[in-house]
Amino acid sequence: METGRNPASGPKKSPFTPKAIIHQRFAAKACYKVEEVQEVAQNGCPGLVIPQKGPCLYRCTLQLPDFSVVSETFKRKKDAEQSAAEKAIQKLGIQPKEDNLTVEQAWDELAGRLSYLFSIEFLPSIHPLSGHFRAALQRGGHLSGFIPVAAIAAFDAKINSLCKYINPEVESNHILVMSLIIEAAKRLANTLLFSEEKLSLQRLNPHPPEIIQSLLKNESSFPESISIEAVRIPASAEKIVEPSILDASFGNYYLDAIAKELGVKDASKVLISRTIGKASSETRLYFCAPESITIGPSSELHMKLASSFREFNALATYLSGQEIYGDAILASVGYTWKSTDLSYEDLSLRAYYRILANMIPSGIYKLSREAILAAELPTTFTTRSNWRGSLPRDILCTFCRQHRLSEPVFSSDSFEPLPDLTGRKRLRDTASSGDEINEGGLAATATAAAQGGCTLVYRCTVKIYSKYQDLILLCSPKESYKKQTDAIHNAALKVLLWLDRFLDKVAMSVEEMTSSAKGLDVLIYPQQFVKEFSSCQFLPKYRWSTATLADSSLCSSYSYVQKNTLEDEVASVRISGEYSGTTPSNGSLVCVTYNIYLVTEREGIKEQLEGSKEFEFEIGSGATSPVLEAVVTQMSIDQFACFTMELPSKEIVLAVARDSTTVLSLLSSGTCTMKCEVTLLRVTVPLEDRMEQALFTPPLSKQRVEYALQHIRESCAASLVDFGCGSGSLLESLLAYQTSLEKIVGVDISQKALARAAKILHSKLNGNIEAKQLTNRIKSAILYEGSILTCDSRLCGYDIATCLEVIEHMEEHEACLFGDIVLSSFCPQILIVSTPNYEYNVILQNSSPQCQEEDPDEKSQQQSCKFRNHDHKFEWTRQQFCQWASELALRHNYDVEFSGVGGEPNKEPGFASQIAVFRRKDGSPANADFTEHFDVIWEWSSSSNSRS
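Conventions used here
- Residues numbered from 1 in each chain as written.
- Predicted model: local features only at pLDDT ≥ 70, side-chain atom pairs only at ≥ 80, totals over all residues.
- Heavy atoms only, no water.
- Helix = DSSP H or I, 4+ residues; strand = E, 2+ residues; numbered from the N terminus.
- Contact = heavy atoms within 4.5 Å.
- Areas by Shrake-Rupley, 256 points an atom, 1.4 Å probe, with all protein chains shown as cover.
- Buried < 20%, exposed > 50% of the residue type's maximum accessible area, 1.4 Å probe, protein only.
- Salt bridge = Lys/Arg side-chain N within 4 Å of Asp/Glu carboxyl O.
- pLDDT = per-residue confidence, 0-100.
- Arc of directions from axis to C-beta.
- 1 Å grid on protein atoms, 1.4 Å probe; cavity = no way out; pocket = protein on both sides within 12 Å on 5 of 7 lines; lining within 4 Å.
- Points joined across faces, edges and corners; volume = space filled by probe spheres on them.
- Pairing = 2+ DSSP bridges.
- Axes fitted to C-alpha atoms, helices over the stretch in contact; angles between N-to-C directions.
- Parallel < 35°, antiparallel > 145°, perpendicular 65-115°, else oblique.
- Left-handed = near helix turned anticlockwise from the far one by under 90°.
- Polar contact = N/O pair within 3.5 Å; in protein donor to acceptor, adjacent residues only side chain to side chain.
- Phe/Tyr/Trp six-rings, centres within 6.5 Å; stacked < 30°, edge-to-face > 60°.
- Lys NZ or Arg CZ within 6 Å of the ring centre and 35° of its normal.
- Nonpolar A, V, L, I, M, F, W, Y, C, P; charged D, E, K, R; others polar.
- Disulfide = S-S within 2.5 Å.
- Core = buried A, V, L, I, M, F, W, Y, C linked by side-chain atoms within 4.5 Å.

Colleague: Before we move on, could you go through the overall build of the protein and cite the residues and values that matter?
Modeller: The secondary structure content of the protein amounts to 30 helices and 33 strands. Within the protein, counting contacts between residues at least 6 apart in sequence, those at least 24 apart form 70% of the total. Counting every atom, the protein has about 43800 Å² of accessible surface; 49% of that belongs to carbon and sulfur.

So this is what it looks like as structure tokens:
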């Protein structure tokens, strides 16, 4: 159940943390010492003999002058520190102060805060507002000592916090904050002077001259002349955004310099927005106060904002979230908590357009990769290891902050796959549907289930609320994932893709909005959503998606590019360098060096716009420009290509240009083109299971299980041994079906994989009633550690043996030895062996196969089809596999039949995974007179479990 959604009458402020309270009392005298604690892990799997490493825990000792305290153990260091501080507070008997004020108390504190700000004590302090007081003392004539009310409202967080107690609407109304400051100042009429004409405040009793001289002496090192580059954003759509220069020299109040640039007489006529972009920056919008200002009852400011006075500034309003009329200046200048000196940095046109790009999902992603022209927001989240740049969840959080929305709420559902009586899988809910994601990114109930060994799949729901806690968007994907983080990021990505689509066409009707959102499992609440994004409709469309090839009619959005058509477009691209044989395929992670230039052929000018020495992206995920990907897929490692791209809009070019003056000059010539040079550095092939899952439904792994299950049912097998069982995926899957099996055994050489298998099987065999009904025939389960090339008498005479996708991880002579050992020594009634069909790689990797040499030591170095996994020692063609299996069967008195999964038997290139089924001809196995070499890692029996 979600809580905390209703707007409060005042600001919801968290009380001071325990550490903050201790710091207030003891400062540097409080010493925290955190140590790592090793605890014995509870593996939750009786019978597992492998020692399990417990989670990394921390304990904190807090040393104070008179005593010390020790915290409990926690997973995070900061939690241990807070726990120690909390114990110290309890021992000291400190009662944390409640931070809830009545309206009258807020008025009193607001007046007290103003009194402090105009005091001598505040003047020399390091505070974002104190610099304004010092600068005001240097203003000449009748302005000397006057502080604009707008500056107090913008730069003192405490003032804003107190105003929220009095009227919560101040958060979206900067004028209202100024009204409350003026009313509070009237309560201090004996110490403060308010000028309605100047809209400023001044001390009635001037500061002593020696104080002023001392401050001026300390600031004498300030440069005599300072020119700060800023950007003017015009209100008129017919005018262009252009650079502006501010004079903030010594003795010149920078707000007066901005006022001059805006065409008003002094700083009192300048209003100030909240920070733009990062909260830590001093980038703000400065704009003119309305021409008509009157002070009403209770000091309420009435400002006529009608367009007859000034034109509505759509861009500035969009950036700030506040209504702005007339031209605005975007500048990065102000005083900070770090120094008494004025802090500033030049803000170029490039910085302005990057701020604008940071307001949309694809722009946020592009900036995180520092590749506005080359990168694209991926259309799918495949794996965390292949994702580059900011993660979808982080991008969505950034987007919500940029648009002044509440933080997105991620709620998880976890399910345990269980079959019904027909053998088809269904999902059982094991977690609360409203489970909110904790700070570690996992739902508490799902974490507990995972620790207990349950096999779960996950879904994630995303909700986005307005700042007033109105639900505006809900995303409930139907897909489930094995990892909870994958569910979170995929849900977030769906929201981002739709938001990108909406911001590209904000004028879409409600019907268009709802229908386009439905395709991504997104539900829009139109009335609230349109209200939050109403200012977007006035924005110019810059088409942030990357350009296509020059003269191409293709759409630049990745989702709509037809791959074959695009490959035809790049067929004429000239690729130089020797062909190495290693080319990218779908799912490959590639790394390139690229440079994109603005070129004028006539003058021979070449201005670099963007480039990277190492730019990585996954083929097929939509993470880069479609034309760049299409060119790269035609290349092999170390090859070079150069091609011309369609020139994007001027605004996009300026967002990447470091020298905007030169670029504007080149663009104005009308003869510019954009060229890209790219070199393919390396290719990392995709994991085998990801390639298979991308092409087969259900995945090949599940098809292999179903194939084995069919033979188990047909043979009425009572015992099964799985050679190379790994993490127990086959054994686990078999437990989800009604079979005749009573004993199951797994053998593997990896202790780590066997430990995972033990936990999974233990949770299944000791699970709930539904699971027991499916596994009630199983009387024994054992996991052995050992090489499947070694004989062990305990594995003799099983009804059925399986070895699925294992032999290719051995050398070829070891695969032959394995076949001999199994069929001559273990002698199962049935042996099922599967291995990849090398000939099918042409489809998986979208390349042309070349024949492998018969001699494994003379494999072709130029083969264009790679093995499916880097750990594969070989992959056989159908003929090679048939020869291996037929010779084995002949030597050991077995019949063999061939089949497979993934593909069609009578259609080239056959099955993706080829299978041989060996059946013993005689009735009794050979005598097992060899010793026991395997170690028992885990053992389970129904009799011992029922007694326990």
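Still more ground to cover, so stick around.
Colleague: I'd like to hear about unusual backbone geometry, residue by residue, with values.
Modeller: The phi torsion of most residues other than glycine is negative, and most of the peptide bonds are trans. Each neighbour pair has its own omega, and for Thr-697 with Pro-698 the value is -5°, a cis peptide bond. Position of Pro-698 among the secondary structure elements: in the loop between helix H22 (688–695) and helix H23 (700–715). Of note in the backbone geometry, Cys-716 takes a positive phi value of approximately 55° without being a glycine. Tracing the backbone through its elements, the reader meets Cys-716 in the loop between H23 and strand E26 (719–723). You can call Cys-716 exposed: its relative accessible area is 57%.

Colleague: Which residues make up the pattern of salt bridges, and what are the values?
Modeller: Within the structure shown, the criterion is met by 29 salt bridges. The residue Glu-72 makes a salt bridge to Lys-87 at a minimum N-O spacing of 3.2 Å. Of this pair, Glu-72 sits in the loop between strand E3 (68–70) and helix H2 (77–92) while Lys-87 sits in helix H2, and the two are 15 residues apart along the sequence. Of the charged contacts in the structure, one is a salt bridge between Lys-494 and Glu-479, with a shortest N-O distance of 3.1 Å. With Lys-494 in helix H15 (residues 484–504) and Glu-479 in the loop between strand E19 (471–475) and H15, this pair connects stretches of sequence that are 15 residues apart. Note on Glu-479: relative accessible area 35%, which makes it partly exposed. In the salt-bridge network here, residues are joined through shared partners; they are Arg-388, Glu-614, Glu-616 and Arg-682.

Colleague: Account for the confidence of the model for the protein, with residues named and values stated.
Modeller: Summing up the model confidence of the protein, the mean pLDDT is 81 and the portion of residues at 70 or higher is 80%. Every residue in residues 444–454 is under pLDDT 50, and counting partners more than four places away or in other chains gives 20 contacts. Confidence drops under pLDDT 50 across residues 847–863; counting only partners more than four residues distant or on other chains, this segment forms 35 contacts.

Colleague: Tell me what's going on with the environment of His-762, and back it up with residues and numbers.
Modeller: Along the chain, His-762 falls in helix H25 (residues 751–765). Note: C-alpha distance between His-762 and Glu-732 (30 residues apart in sequence) is 9.8 Å.

Colleague: Got a sec to walk through the environment of Ala-85? Specific residues and values, please.
Modeller: Within the secondary structure, Ala-85 is located in helix H2. Not counting residues within four places of it along the chain, the set of residues in contact with Ala-85 comprises Pro-18, Lys-19, Ile-22, Tyr-32 and Leu-62.

Colleague: Account for helix H21 (residues 660–669), naming residues and giving values.
Modeller: Buried within H21 we find Ser-660, Val-663, Leu-666 and Leu-667. One side of H21 holds all its buried residues, which, seen down the axis, span an arc of 125°. Residues of H21 that are exposed and angled more than 90 degrees away from the buried face: Thr-661 and Ser-668. Contacts from the buried residues of H21 go to helix H11 (349–357), strand E22 (589–600), strand E23 (605–618), helix H20 (650–656) and strand E25 (672–684). Positive backbone phi, approximately 80°, marks Gly-670, located one or two places after H21.

Colleague: Residue-level account of empty space enclosed by the protein, with values.
Modeller: By the definition in use, this model includes seven cavities of 30 Å³ or more. The space that makes up the second largest cavity amounts to roughly 80 Å³. What lines the second largest cavity is a set of 14 residues, among which Asn-386, Trp-387, Glu-618, Ser-621 and Ala-623 lie closest to the centre. The element best represented in the lining of the second largest cavity is E23, accounting for three residues.

Colleague: Tell me about the sheet that holds strand E32 (residues 911–920), and name the residues and values.
Modeller: On the basis of which strands lie adjacent, the open sheet formed by eight strands has the order E31-E32-E30-E29-E26-E27-E28-E33 and mixed pairing. Looking along the sheet, the strands with just one partner apiece sit at the ends: strand E31 (894–903) and strand E33 (935–941). Direction aside, neighbouring strands of the sheet carry axes that sit 15° apart on average. Bridge count for E31 against E32 is nine bridges, and the pairing is antiparallel. Bridged to Val-901 within E32 is Ser-913. Most of the contacts of H23 go to E31, to which it runs at about 145°, and overall it touches E26, strand E29 (800–804), strand E30 (830–836), E31 and E32. In the packing of helix H27 (residues 812–826) onto the sheet, contacts are made with E26, E29, E30, E31 and E32, and the angle to E26 comes to roughly 160°.

Colleague: An account of the sheet that holds strand E5 (residues 192–195) is requested, with residue identities and associated values reported.
Modeller: For sheets, the rule is that strands pair by backbone hydrogen bonds, running either parallel or antiparallel. Strand order across the open sheet formed by three strands is E4-E6-E5, with antiparallel pairing between neighbours. With partners counted over all chains shown, the strands left at the sheet margins are strand E4 (147–148) and E5, one partner each. Sheet analysis places E4 next to strand E6 (residues 200–203), joined by two bridges and oriented antiparallel. Within the sheet, the bridge partner assigned to Ile-147 lies in E6 and is Leu-201.

Colleague: Outline the packing of helix H12 (residues 361–368) against helix H13 (residues 392–402), listing residues and values.
Modeller: Relative orientation of the contacting elements H12 and H13 amounts to 120°, with a least axis distance of 10 Å. In terms of axis orientation, H12 runs oblique to H13. Relative to H13, the crossing made by H12 is right-handed. Contact with H12, carried on its side by Pro-361, Ile-364 and Tyr-365, involves Ile-395, Thr-398 and Phe-399 of H13 and no other residues of that element.

Colleague: Kindly report on the side chain of Ser-834, identifying the contributing residues and their values.
Modeller: Examined against the element boundaries, Ser-834 turns out to sit in strand E30. Relative accessible area serves as the criterion here: at 0%, Ser-834 is assigned to the buried category. Within the structure, the side chain of Ser-834 is placed 2.8 Å from the side chain of Glu-805, a separation counted as a polar contact. Beyond its immediate chain neighbours, meaning those up to four positions away, Ser-834 contacts Arg-704, Cys-803, Leu-804, Glu-805, Val-806, Glu-808, Ser-913, Gln-914 and Ile-915.

Colleague: So what about the packing of aromatic side chains? Which residues, and what values?
Modeller: This model, assessed by the stated rule, comprises 29 aromatic pairs. Residues Phe-381 and Trp-387 carry aromatic rings whose centres are separated by 5.3 Å and whose planes lie at 40° to one another, so their mutual orientation is tilted. For the residue pair Phe-381 and Trp-387, the accessibility class agrees, reading buried in each case. Seen in terms of ring centroids, Phe-502 and Phe-533 are 6.0 Å apart; in terms of plane orientation they differ by 75°. Their pairing is edge-to-face. Here the residue Phe-502 occupies a position in helix H15, and Phe-533 occupies one in the loop between helix H17 (526–532) and helix H18 (563–570), the gap between them amounting to 31 residues. Judged by its relative accessible area of 4%, Phe-502 falls in the buried class. Positioned above the aromatic ring of Phe-410 is the side chain of Arg-393, whose terminal nitrogen or guanidinium carbon lies 4.8 Å from the ring centre.

Colleague: Just give me the short version of helix H9 (residues 254–262), but keep the residues and values in it.
Modeller: Of all nine residues making up H9, seven are buried, and the element is well covered by its neighbours. Within H9, the full set of buried residues consists of Tyr-254, Leu-255, Asp-256, Ala-257, Ile-258, Ala-259 and Leu-262. Once H9 finishes, Gly-263 follows within two positions and takes phi at roughly 85°, a positive value.

Colleague: Mind laying out the packing of helix H3 (residues 103–117) against helix H6 (residues 157–166), listing which residues take part and the relevant values?
Modeller: Across the interface, H3 lies against H6 with an axial gap of 8 Å and an inter-helix angle of 160°. As summarised for this structure, H3 and H6 are arranged roughly antiparallel, according to the angle between their axes. The way H3 lies across H6 gives a crossing that is left-handed. Contacts between H3 and H6 involve Val-103, Ala-106, Trp-107, Glu-109, Leu-110, Arg-113, Leu-114 and Leu-117 from the first element and Lys-158, Ile-159, Leu-162, Cys-163, Tyr-165 and Ile-166 from the second. Broken down by class, the residue content of the contact of H3 with H6 amounts to eleven nonpolar, no polar and three charged.

Colleague: I'd like a description of the environment of Gln-527, backed by residues and values.
Modeller: Turning to its location among the elements, Gln-527 is positioned in helix H17. Gln-527 sits in the exposed class, given a relative accessible area of 68%.

Colleague: Hey, could you go over the state of the cysteines for me, with residue numbers and the actual values?
Modeller: Two cysteines form a disulfide when their sulfur atoms are joined by a covalent bond. One pass over the full model with this rule turns up zero disulfides. The structure places no disulfide on Cys-475, whose sulfur is separated from the nearest cysteine sulfur, that of Cys-460, by 8.3 Å.

Colleague: Which residues make up the nonpolar core, and what values do they have?
Modeller: In summary, soluble globular proteins display a tendency toward joint burial of nonpolar side chains. Among the nonpolar cores identified, the biggest contains 171 residues, and Leu-114, Tyr-286 and Tyr-352 are the most heavily contacted of them. In terms of residue count, the dominant contributor to this core is H15 (twelve residues). Excluding residues within four positions of it along the chain, Tyr-352 makes contact with Val-231, Ile-233, Val-241, Leu-315, Leu-319, Leu-330 and Leu-347.

Colleague: Can you break down the pairing of strand E10 (residues 283–288) residue by residue, with the values?
Modeller: Extensive coverage of E10 is indicated by the burial of six of its six residues. Burial of the side chains of E10 extends over both faces: Thr-283, Leu-285 and Phe-287 are buried on one face and Arg-284, Tyr-286 and Cys-288 on the other. Of the pairings in the sheet, the one linking strand E9 (residues 270–275) to E10 comprises four bridges and is antiparallel in character. Residue pairing across strands places Ile-272 opposite Tyr-286, the latter belonging to E10. Alignment of E10 against strand E13 (residues 328–334), held across five bridges, turns out to be antiparallel. Paired with Arg-284 across the two strands is Ala-331, which belongs to E13.

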